[in-house]
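Chain by chain, the residues run as shown.
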Amino acid sequence: MAHHTPPPPRICPACDGFASAAITLGSRDAHGHLRTITAHCPACHGTGIARRARRQGVNA
């Protein structure tokens, strides 16, 4: 019996799958740790996977 594998997920074209990045703010806190923020890709909202296009059909 053949095993069916699901199709691979579509990689987001805006971020090429690298959906989140940690950006340093340039300063350190009182404990000496670098302060960072996380930025997410606006196209895929940080998932790295593009949504599939919806099919537009005629509803009769």
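This text goes with the structure placed above it.
Residues numbered from 1 in each chain as written. Predicted model: local features only at pLDDT ≥ 70, side-chain atom pairs only at ≥ 80, totals over all residues. Heavy atoms only, no water.

Considerations on the state of the cysteines
- Tallied over the entire structure, the rule returns zero disulfides.
- Cysteine Cys 15 remains unbridged, with the sulfur of Cys 12 as its closest cysteine sulfur at 3.8 Å. (Disulfide = S-S within 2.5 Å.)

Quick notes on the environment of Ile 49
- With respect to the secondary-structure elements, Ile 49 resides in the segment after β2 (34–40).
- A sequence separation of 36 residues divides Ile 49 from Pro 13, and the C-alpha atoms of the two residues are 8.7 Å apart.
- Residues in contact with Ile 49, not counting those within four places in the same chain, are Pro 9, Arg 10, Cys 12 and Cys 44. (Helix = DSSP H or I, 4+ residues; strand = E, 2+ residues; numbered from the N terminus. Contact = heavy atoms within 4.5 Å.)

Re unusual backbone geometry
- Positive phi, normally seen in glycine, also occurs at Asp 16, with a value near 55 degrees.
- For Asp 16, the location among the structural elements is in the segment before β1 (20–28).
- Take Asp 16: its relative accessible area is 55%, and that puts it in the exposed class.
- Of note, His 45 is a non-glycine position whose phi angle comes to about 60 degrees, a positive value.
- The residue His 45 is located in the segment after β2 in this model. (Buried < 20%, exposed > 50% of the residue type's maximum accessible area, 1.4 Å probe, protein only.)

In short, geometric facts, not functional conclusions.
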